[in-house]
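Structural features, examined
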Amino acid sequence: MRVIIHPDPQSASIRAANWIAELVRRKPACVLGLATGSTPIATYRELARLHQEEGLDFSRVTTFNLDEYVGLPPTHPQSYRYFMDENLFREIDIPPQNTNVPDGRALDFERHCEAYERQIKAAGNIDLQLLGIGVDGHIAFNEPGSSLGSRTRIKTLAWQTVQDNARFFGSEADVPRMAITMGVGTILDSRQCLLLALGSSKADAIAATVEGPVTAQVTASALQLHRDVVVILDEGAASQLKRREYYVNVESVQRELENVRSANQKNNQGPVG
Ligand code: GLP
């Protein structure tokens with residue numbers, strides 16, 4: 001895992017947005033896996049700005065969201081479809097038919113989940129999956145105990161998650177108890193994963209994810225098995241990492257390497273003879 005620590009949530013979010021933007025520039029018809037929650041909001045705002053002010057082109061991008069609450073229609077302000085439309089899709093030039101969010105009102109959930117998996121494959125698989133993390137270390141809605149090989153399916157939310165998300169619904173009683181979610185296995189099939197965590201409430205979950213054992217009790221720890229994971233943190237989320245200094249050092253060495261590389265490139269481009 002590559003761990004990148006930023007001084008504050010804003011600069012961490014801009015780094016995450018730039019990471020995504022670089023892929024969109026390099027591969028205009030890329031497939032993005034997207035996340036909801038409060039964490040990616042500033043990242044989406046920056047992507048919208050990059051589109052509106054710098055012409056970042058999303059017209060050929062396809063997206064798949066991680067999850068959706070069971071029972072909520074797309075018009076419900078707390079549905080993840082509504083969240084995505086409001087916070088990103090309506091701000092950029094992505095064609096609506098290129099955006100995929102599981103349907104919380106599907107008639108046959110098993111078939112819907114299988115079809116979602118097939119759609120991801122048919123699109124050529126996810127190039128970059130953006131992830132947040134729950135305070136109990138879950139990714140998407142893969143609550144503690146989820147199989148690390150799981151695929152898209154229905155999950156019952158942990159009580160901790162119901163309590164955490166009650167702030168969006170007004171009361172615990174209004175939080176749906178079930179969700180459709182990509183499985184840990186589905187997420188691990190992405191070519192690259194970008195985990196973004198902000199604030200000290202995520203510090204324990206991040207320490208367990210990055211430095212703890214791989215365990216279904218902390219489903220984000222399964223990312224240790226993936227060959228290409230970037231973790232972008234602010235200082236709060238990084239505050240429980242034991243090897244913090246090492247990660248910071250890796251990044252400064254990386255920067256030096258990039259400087260040497262671009263200096264070499266410039267020298268090679270100079271006038272010949
Ligand atoms: C929910 C979502 C996750 C998200 C988590 C954290 O459980 N299903 O995808 O990572 O909340 O949310 P927040 O970013 O609001 O802390």
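Refer to the preceding data block for the structure.
Numbering of residues starts from 1 in each chain and follows the order in which that chain's sequence is written. Local features in a predicted model are, by the rule used here, given only for residues with pLDDT of at least 70; side-chain atom pairs are given and counted only at 80 or more, and totals for whole chains, interfaces and linings are based on all residues. Computation of side-chain values: all heavy atoms of the structure, hydrogens and water removed.

When its secondary structure is counted, the protein chain shows 9 helices and 10 strands. For the radius of gyration, the atoms used are the C-alpha atoms, and the globule rule reads 2.2 Å times the number of residues raised to 0.38. At 19 Å, the protein chain has a C-alpha radius of gyration in line with the 19 Å of a compact globule built from 273 residues. Its C-alpha atoms give the protein chain principal-axis dimensions of about 70 × 45 × 30 Å. Three labels apply to residues, based on accessible area from a 1.4 Å probe with only protein chains included: buried if under 20% of the type maximum, exposed if over 50%, partly exposed otherwise in between. Split into buried and exposed, the 273 residues of the protein chain put 51% on the buried side. Two residues form a contact once any of their heavy atoms are found within 4.5 Å. Put simply, 79% of the contacts in the protein chain that link residues at least 6 apart link residues at least 24 apart. Numbering of helices and strands starts at the N terminus; helices are DSSP runs of H or I of at least 4 residues and strands are runs of E of at least 2.

Right, let's get into helix α2 (residues 41–54). The span one expects for a helix is its residue count, reduced by one, times 1.5 Å. In a regular helix each residue adds 1.5 Å, so 14 residues correspond to 20 Å; α2 covers 19 Å between its end C-alpha atoms and thus fits that length. Buried within α2 are the following residues: Ala42, Thr43, Tyr44, Glu46, Leu47, Ala48, Leu50 and His51. Buried residues along α2 sit against α1 (9–26), β2 (31–34), α3 (80–87), β6 (128–131) and β9 (192–197). Once α2 ends, the next one or two residues include glycine 55, with phi positive near 70°.

What follows is about the site of the ligand. Throughout, near means a residue has at least one heavy atom within 4 Å of the molecule or strand. The environment of the ligand is formed by 14 residues, the closest being Ser38, Thr39, Asp67, His138 and Lys202. Any pair of N or O atoms that falls within 3.5 Å is considered a polar contact. Within protein, one atom must be able to donate a hydrogen and the other to accept it, and sequence-neighbouring residues count only if both atoms are side-chain atoms. At 2.8 Å, a side-chain N or O of aspartate 67 approaches a nitrogen atom of the ligand. Of all the elements, helix α5 (residues 159–169) adds the most residues to the shell around the ligand, at 3 residues. Any residue that is not Ala, Val, Leu, Ile, Met, Phe, Trp, Tyr, Cys, Pro, Asp, Glu, Lys or Arg is counted as polar, Gly included; the first ten are nonpolar and the last four charged. Of the residues assigned to the shell around the ligand, the class counts are 4 nonpolar, 7 polar and 3 charged.

Turning next to the state of the cysteines. We call a pair of cysteine sulfur atoms a disulfide when they lie within 2.5 Å. For the coordinates displayed, the defined rule picks out 0 disulfides. Distance from the sulfur of cysteine 30, which forms no disulfide, to the nearest cysteine sulfur (cysteine 193) is 15 Å.

It is worth spelling out the pattern of salt bridges at this point. Salt bridge, as applied in this entry: a Lys or Arg side-chain nitrogen positioned within 4 Å of an Asp or Glu carboxyl oxygen. Overall, the coordinates contain 13 salt bridges when judged by the stated rule. One network of salt bridges, with partners in common, ties together Glu46, Arg49, Glu53 and Glu54.

This next bit is on the pairing of strand β3 (residues 62–65). Neither face of β3 is exposed, since Thr62 and Phe64 on one face and Thr63 and Asn65 on the opposite face are all buried. Every crossover in which the path from the first strand over the helix to the second runs clockwise, viewed with the strands pointing away from the viewer, is termed right-handed. Note that the unit made of β2, α2 and β3 has a crossover that is right-handed. Inspection of the sheet shows β3 paired to strand β5 (residues 99–100) by 2 bridges, in the parallel sense. Pairing of phenylalanine 64 across the sheet is with asparagine 100, part of β5. Note on pairing: two strands pair once DSSP finds at least 2 bridges between them.

Only C-alpha atoms enter the line fits that serve as axes; for helices the fit covers just the stretch in contact. Angles between N-to-C directions range over 0 to 180 degrees. Across the interface, α1 lies against α2 with an axial gap of 8 Å and an inter-helix angle of 50°. As the angle between them shows, α1 and α2 are arranged oblique. Every pair of crossing elements has a handedness; the one defined by α1 and α2 is right-handed. The segment α1 lies against α2, with Gln10, Ser13, Ile14, Ala16, Ala17, Asn18, Ile20, Ala21 and Arg25 engaging Ala42, Thr43, Glu46, Leu47 and Leu50. Residue composition of the contact of α1 with α2, by class: 8 nonpolar, 4 polar and 2 charged. Every angle not falling under 35 degrees, over 145, or within 65 to 115 is termed oblique; those three ranges are roughly parallel, roughly antiparallel and roughly perpendicular. Should the near helix be turned anticlockwise from the far one by less than a right angle, the crossing is left-handed, and should it be turned clockwise, the crossing is right-handed.

Moving on, we get to the environment of asparagine 98. Looking at the element boundaries, asparagine 98 is found in the loop between α3 and β5. Classification of asparagine 98 as buried rests on a relative accessible area of 17%. Taking the C-alpha atoms as reference points, asparagine 98 and phenylalanine 58, separated by 40 residues in sequence, lie 9.9 Å from one another. Ignoring sequence-local partners within four residues, the contact set of asparagine 98 consists of Ser59, Arg60, Val61, Thr62 and Thr63. Of the polar contacts made by the side chain of asparagine 98, one reaches the backbone oxygen of valine 61; its length is 2.9 Å.

With that settled, consider the pairing of β6. Every second residue of β6 is oriented toward a common face, with Leu128 and Leu130 on one face and Gln129 and Leu131 on the other, all of them buried. Bridge analysis of β6 against β9 gives 4 bridges, and the strand direction is parallel. Residue pairing in the sheet places leucine 130 in a bridge with leucine 194 of β9.

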